[in-house]
2 protein chains.
Amino acid sequence: MKMNDMVIISVDDHISEPPDMFKKHLSGDDLASAPQFIVAENGTSFWEYQGMKMPSVGLNAVVGRPLDEYGMEPTALEQLRAGCFDVKARIGDMNVNGIAASLNFGSFPGFDGGRFHKAPDKAKSLVHLRAYNDWHIDEWCGAYPGRFIPCAILPTWDIKATVEELKRISAKGCTTVSINENPTVQGLPSIHNEYWEPFWKAVTDLDITICLHIGAGNPAPHASMETPIEAWITTMPMSISTGAADWLNLSALQRYPKLKIALSEGGIGWIPYFLERADFSHSRHQFWTNSRMNFREDKPSDVFKRHFMTCFIDDAFGLKNLDSLNEDLVSYECDYPHSDSLWPEVPERLFDTLKHLSDAQVDKITHGNAMRFFRFDMFKHHPREALTVGALRAQAKADGVDVTPKSSGGAAPLAEGEKPRIITSGDLMRMFSHHAKAA
Amino acid sequence: MKMNDMVIISVDDHISEPPDMFKKHLSGDDLASAPQFIVAENGTSFWEYQGMKMPSVGLNAVVGRPLDEYGMEPTALEQLRAGCFDVKARIGDMNVNGIAASLNFGSFPGFDGGRFHKAPDKAKSLVHLRAYNDWHIDEWCGAYPGRFIPCAILPTWDIKATVEELKRISAKGCTTVSINENPTVQGLPSIHNEYWEPFWKAVTDLDITICLHIGAGNPAPHASMETPIEAWITTMPMSISTGAADWLNLSALQRYPKLKIALSEGGIGWIPYFLERADFSHSRHQFWTNSRMNFREDKPSDVFKRHFMTCFIDDAFGLKNLDSLNEDLVSYECDYPHSDSLWPEVPERLFDTLKHLSDAQVDKITHGNAMRFFRFDMFKHHPREALTVGALRAQAKADGVDVTPKSSGGAAPLAEGEKPRIITSGDLMRMFSHHAKAA
């Protein structure tokens, strides 16, 4: 295969929600009480909802800047590349990066919709969460059929409403949802509690995939405030291992053999070790943990390889060891517009780490696995030859998509004029806290 | 190489301290105020020190039991295999398991000596910590020259006393120390603070290796109290990744190029991924994090491969990918007497995962790397041929070391008569808390 012949689906990207997102989906009091995009007198912007301020308009949406501005937090929409919030511009940015289709998580509500969980008036939350899903599915993803895998959020504080919402979004063609991988941090029962039984049944009946995005339930810890921030950045994807182990031991996986879990932004290279370790732990400890009551004849690695989709941004070691994973459950993610994203050079970087694989394996990892797991038939809307890296980049060229880095500013980790030094976890915390106060 | 020709050093094992440990090393008030081993009326035992009770006498020291008792916490010395606290019996248990030499961490003070840090009267703590080191180095390790790598603990709450203790234990021939990998949890400045400068200088001047054992500073989180305990067991070794990333970004590694760090009980199979991720993070983020001020021309993986010793209990995937590690900095650990230990079948299991390697590589991993890194010349005391698996097991046979599993009881995760069910994190917490109250 040549680089330009790859067809790439990214299973983890992000949207910075546009200010008018609720306009077409609510009216009257419901619209008036919906999350509001506010521009403060000092020009900074934030979202406001039920008394909460969410200072970030872009949540590290730094794509398109020079690399030395990747640590600055956008404080106004004008500081974002338009592809972050404008779907037409997003398609241009996908084309220029050779991305055929993309699964997007939200920003201001949290990847798991957590803000709607924190809001005190849950009746309102439910109305606005549904409108959020309508916007996401119908307006954002609906604008370009076959280019976006819709991914809904759920009112899991109310399991009946959750099941209803699952049915509602499923009827719209949405096949994927994002929830918090550790609901106990939201004050809900753990995934091992019978509370979730109707949820497991509904997602299985409706054949819906559950996405667990890093950072929500078991976030990577900062070792100390003086720790250089690159330490934290390094450990972020692997922080999903706590959740992966928790979910791997979920007895619902035995009761619902068709449950599908996607570990979003978790990387792949550490997983063969993790599976060997899970099998070792099970083989040594099952005699007192009684875990055979759950795993029965399976090893934990068997369960993982049946139920869990993994993905990677840049992971040569994992791809070198594809034979220690299930090659039918490995997928690619771009992480646009966050600072780890290799936009607009994804095809070059990805091809370099895939080229030892067969064409069939490349097809699986670049798009085939994602199409099957998320039940997303993009070829119904576009012929394959229109979605290759080469075809999409030709389109971007014809459309004049400009990828020149643009300086755009925002909140900075160092004070203006401060002497350059290594940025620490404390610096990042202070930047966010200062910006939050300013908002 | 044949299995019986291997010479094995384990760089991570544990001692359950014997009741009379301070007798030969203190007198008068110092002995009277030292940690006391108490046997309560109900027969359970605990250590008491400066108003603190440490209910565990064995800290998961379950070796030699039937596997279905591996979750029970020993509450009395009689429930432990003698090799846990009796050095002569320990040598027998090492022989029967083909272990030539062993590096031991303590139990009641914590692997990092943390109990001496928590004690209110630090002047006393210093006296007793020194006596602890004397016992460990002179009495335990000294009983069998060439069979133990001494590993001291330090009064790092007082950096001047720490430097003095380093000189003192170094003069006794001790080449290794164990500290908390995240001193901020002890209320001390982070490793990035200038507080530690005299420490870096002293360990470098004295050529002493720093051990960071999992569990002290950045313990593996329990996802929820309802989470099956095997999830937590699975993630324990990899929990060292937070500390590994923190220490990898330590600027002292540039100022002291001979600093040596051992990641104790951290496993190896996930590390190639971790290094690739660290390099990726550095390559993408250095332009705003200013981390080039630290790493200069190095990649983070270069720094790791110069300074960090890794070890494994059972890690076929890591050994298969030895070419993605530094084969001069990989070592073996047995974890006797904890529940992950493969005693007494280590040679069989280890040989099975090493047999694809050259004899030179096997020698490095089984003992050569540990001998160099910890400056431990066991061949000065014993000829190689006396320390092979075959020779040690023949000795054990002659000595009649009995490995028959023995039921010995202790605190149990389920109440007596309770119907078997999958043991959770909450069950373990309750077991320890109930036992602590009983003490």
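Note that the structure is predicted; figures quoted are calculated from it, not measured.

Here we look at the overall build of chain A
The helix and strand inventory of chain A stands at 17 helices and 12 strands. Its C-alpha radius of gyration of 21 Å places chain A within 12% of the 22 Å reference for a compact globule of 439 residues. Dimensions of chain A, computed from the C-alpha atoms along their principal axes, are close to 65 × 55 × 50 Å. Among the 439 residues that make up chain A, the fraction classed as buried is 62%. Taking contacts inside chain A between residues at least 6 apart in sequence as the whole, the part at least 24 apart equals 75%. Surface accessibility of chain A: about 15,600 Å² in total, with carbon and sulfur atoms responsible for 54%. Of the side-chain charges in chain A, 44 are positive and 57 negative, and the distance between the mean point of each set is 3 Å.

Points about the interface of chain A and chain B
At the junction of the two partners, chain A supplies 75 residues and chain B supplies 75 residues. For the pair chain A and chain B, the summed buried surface comes to about 6,600 Å²; carbon and sulfur atoms form 60% of the total. On inspection of chain A and its partner chain B, the count reaches four salt bridges. Between aspartate 340 of chain A and arginine 277 of chain B there is a salt bridge, with its nearest N and O atoms 2.7 Å apart. Here chain A is connected to chain B by 35 residue pairs in polar contact (both at pLDDT 80 or more). Of all elements in the fold, only α7 (229-235), α8 (240-248), α10 (271-289), α11 (292-295) and α13 (316-320) of chain A reach the threshold of two or more residues within the side of chain A that touches chain B.

Re the UniProt feature "domain: Amidohydrolase-related" (unreviewed entry) in chain A
What UniProt calls "domain: Amidohydrolase-related" (unreviewed entry) maps, in this numbering, to residues 129-376 of chain A. This span, residues 129-376 of chain A, is 46% helix and 10% strand, and a straight line between its end C-alpha atoms measures 23 Å.

Observations regarding the nonpolar core
In terms of nonpolar packing, the biggest core is built from 209 residues, with Trp200 and Ile210 of chain A together with Trp200 and Ile210 of chain B touching the most fellow members. Discounting chain neighbours no more than four positions away, the residues touching isoleucine 210 of chain B are Val177, Ile179, Phe199, Trp200, Val203, Trp247, Leu259, Lys260, Ile261 and Ala262 of chain B.

So, the relation of the copies chain A and chain B
Overlay of chain A on chain B (RMSD 0.0 Å): rotation 180°, translation along the axis 0.0 Å. Given the turn and translation reported, the copies of this chain are related as if by a two-fold rotation axis. Distance from the rotation axis, computed per C-alpha, reaches its smallest value in chain A at tryptophan 270 of chain A: 2.2 Å. Comparing interface residues between copies, 100% of those in chain A also sit at the interface in chain B, which points to an isologous, same-surface contact.

Here's the deal with the packing of aromatic side chains
Inspection of every chain in the model, using the stated rule, returns 41 aromatic pairs over all chains. Seen in terms of ring centroids, tryptophan 196 of chain A and phenylalanine 199 of chain A are 5.6 Å apart; in terms of plane orientation they differ by 75°. Their pairing is edge-to-face. Of the two residues examined, tryptophan 196 of chain A and phenylalanine 199 of chain A, each falls in the buried class. With a centroid separation of 5.6 Å and 75° between ring planes, the pair formed by phenylalanine 312 of chain B and tyrosine 332 of chain B is classed as edge-to-face. You can see phenylalanine 312 of chain B sitting in strand β11 (residues 308-312) and its partner tyrosine 332 of chain B sitting in strand β12 (residues 330-332), a full 20 residues away along the chain. Like phenylalanine 312 of chain B, the residue tyrosine 332 of chain B is buried in the burial classification. Ring pairing ties together the aromatic residues Phe37, Trp47, Tyr49, Phe108, Phe116, Tyr132, Trp135, Trp140 and Phe148 of chain A, which thus form one cluster. Residue placement shows lysine 122 of chain A over the ring face of tryptophan 157 of chain A; its charged tip is 5.6 Å from the ring centre.

Points about the sheet that holds strand β1 (residues 8-14) of chain B
All names here are of chain B. Spatial ordering of the open sheet is given by β1-β5-β6, a layout of three strands whose pairing is parallel. Edge positions in the open sheet fall to β1 and β6 (148-149), since each of these has one partner strand only. Where strand β5 (residues 99-105) and β6 come together, two bridges link them in parallel fashion. Its bridge partner lying in β6, leucine 103 is registered against isoleucine 149. Lying on the sheet, helix α2 (residues 87-96) is in contact with β1, β5 and β6; it crosses β5 at an angle near 130°.

With respect to the packing of helix α2 (residues 87-96) of chain A against helix α16 (residues 389-399) of chain A
Helix-helix packing is described using two parameters, namely the angle between the two axes and the distance between the axes. All names here are of chain A. Relative to each other, α2 and α16 sit at 125°, their axes nearing to 7 Å. In terms of orientation, α2 lies oblique with respect to α16. As α2 runs across α16, the sense of the crossing is left-handed. Between α2, through Gly92, Asn95 and Val96, and α16, the contact on the second element is made entirely by Leu392, Arg393, Gln395, Ala396 and Asp399. Among the residues making up the contact of α2 with α16, the classes are represented as three nonpolar, three polar and two charged.

Brief notes about the sheet that holds strand β3 (residues 45-49) of chain B
All names here are of chain B. Strand order across the open sheet formed by three strands is β2-β3-β4, with antiparallel pairing between neighbours. Two strands close off the open sheet at either side, each with one partner strand: β2 (36-39) and β4 (52-54). For this sheet, the mean inter-axis angle between neighbouring strands, taken without regard to orientation, is 35°.

Comments concerning the pairing of strand β9 (residues 209-213) of chain B
Residue and element names in this part refer to chain B. Within β9, five of the five residues are buried, which leaves it mostly tucked inside the rest of the structure. Both faces of β9 are covered, namely the face carrying Thr209, Cys211 and His213 and the face carrying Ile210 and Leu212. The pairing of strand β8 (residues 176-178) with β9 spans three bridges and is classified as parallel. Residue pairing in the sheet places valine 177 in a bridge with isoleucine 210 of β9. Taking the sense of rotation as the criterion, the β-α-β connection linking β8, helix α6 (residues 197-205) and β9 turns out right-handed. The pairing of β9 with strand β10 (residues 261-264) spans four bridges and is parallel. Within the sheet, the bridge partner assigned to leucine 212 lies in β10 and is leucine 263.

Overview of the environment of aspartate 399 of chain A
By secondary structure assignment, the location of aspartate 399 of chain A is in helix α16. Sequence spacing of aspartate 399 of chain A and glycine 92 of chain A is 307 residues, and the spatial spacing of their C-alpha atoms is 7.6 Å.

Thoughts on the pattern of salt bridges
The full count for this structure, using the stated rule, is 54 salt bridges over all chains. As a salt-bridge pair, arginine 130 of chain A and glutamate 165 of chain A come within 3.2 Å of each other at their nearest N and O atoms. Of this pair, arginine 130 of chain A sits in helix α4 (residues 122-140) while glutamate 165 of chain A is found in helix α5 (residues 159-171), placing the two residues 35 residues apart along the sequence. Accessibility expressed as a relative area gives 25% for arginine 130 of chain A, which makes it partly exposed. Looking at glutamate 165 of chain A, the relative accessible area reads 0%, which means it is buried. Between aspartate 207 of chain B and lysine 260 of chain B there is a salt bridge; the shortest N-O distance is 2.9 Å.

Focus: helix α12 (residues 300-307) of chain A
Looking only at α12 of chain A, the buried set comprises Pro300, Ser301, Val303, Phe304 and His307 of chain A. One side of α12 of chain A carries all its buried residues, which in axial view fall inside an arc of 155°.

Side note on the environment of threonine 44 of chain B
Residues and elements named next belong to chain B. Its location among the elements puts threonine 44 in the loop between β2 and β3. Through-space distance from the C-alpha of threonine 44 to that of threonine 75 is 5.0 Å; in sequence the pair is 31 residues apart. A distance of 2.8 Å separates the side chain of threonine 44 from the side chain of asparagine 42, its partner in a polar contact.

Some words on the side chain of threonine 366 of chain B
Residues and elements named next belong to chain B. Structurally, threonine 366 can be placed in helix α15 (residues 359-373). Among the residues examined, threonine 366 registers a relative accessible area of 0% and is labelled buried. There is a polar contact of 3.2 Å between the side chain of threonine 366 and the backbone oxygen of valine 7. There is a polar contact of 3.1 Å between the side chain of threonine 366 and the side chain of histidine 367. Those residues in contact with threonine 366 that lie beyond four places of it in its chain are Met6, Val7, Ile8, Ile9, Leu350 and Leu354.

Examining unusual backbone geometry
Residue and element names in this part refer to chain B. The peptide bond linking tyrosine 336 to proline 337 adopts the cis configuration, its omega dihedral lying at 0°. Here proline 337 shows up in the loop between β12 and α14 (346-354). Omega for the peptide link from tryptophan 343 to proline 344 comes to -5°, which places this bond in the cis form. Structurally, proline 344 is set in the loop between β12 and α14. Residues other than glycine seldom take positive phi values, yet arginine 296 does so here, at roughly 50°. Overall, the relative accessible area of 53% leaves arginine 296 in the exposed class.

What counts and what doesn't
Residues numbered from 1 in each chain as written. Chains lettered and ligands numbered in written order. Predicted model: local features only at pLDDT ≥ 70, side-chain atom pairs only at ≥ 80, totals over all residues. Heavy atoms only, no water. Helix = DSSP H or I, 4+ residues; strand = E, 2+ residues; numbered from the N terminus. Rg over C-alpha atoms; globule rule 2.2 N^0.38 Å. Buried < 20%, exposed > 50% of the residue type's maximum accessible area, 1.4 Å probe, protein only. Contact = heavy atoms within 4.5 Å. Areas by Shrake-Rupley, 256 points an atom, 1.4 Å probe, with all protein chains shown as cover. Lys, Arg positive; Asp, Glu negative; His and termini not counted. Charge placed at Lys NZ, Arg CZ, Asp CG, Glu CD. Buried area = accessible area lost by both parts, 1.4 Å probe. Salt bridge = Lys/Arg side-chain N within 4 Å of Asp/Glu carboxyl O. Polar contact = N/O pair within 3.5 Å; in protein donor to acceptor, adjacent residues only side chain to side chain. UniProt positions renumbered as here; feature names shortened; annotations may be inferred. Core = buried A, V, L, I, M, F, W, Y, C linked by side-chain atoms within 4.5 Å. Least-squares fit on C-alpha atoms with pLDDT ≥ 70 in both. Phe/Tyr/Trp six-rings, centres within 6.5 Å; stacked < 30°, edge-to-face > 60°. Lys NZ or Arg CZ within 6 Å of the ring centre and 35° of its normal. Pairing = 2+ DSSP bridges. Axes fitted to C-alpha atoms, helices over the stretch in contact; angles between N-to-C directions. Parallel < 35°, antiparallel > 145°, perpendicular 65-115°, else oblique. Left-handed = near helix turned anticlockwise from the far one by under 90°. Nonpolar A, V, L, I, M, F, W, Y, C, P; charged D, E, K, R; others polar. Right-handed = clockwise from strand over helix to strand, strands pointing away. Arc of directions from axis to C-beta.

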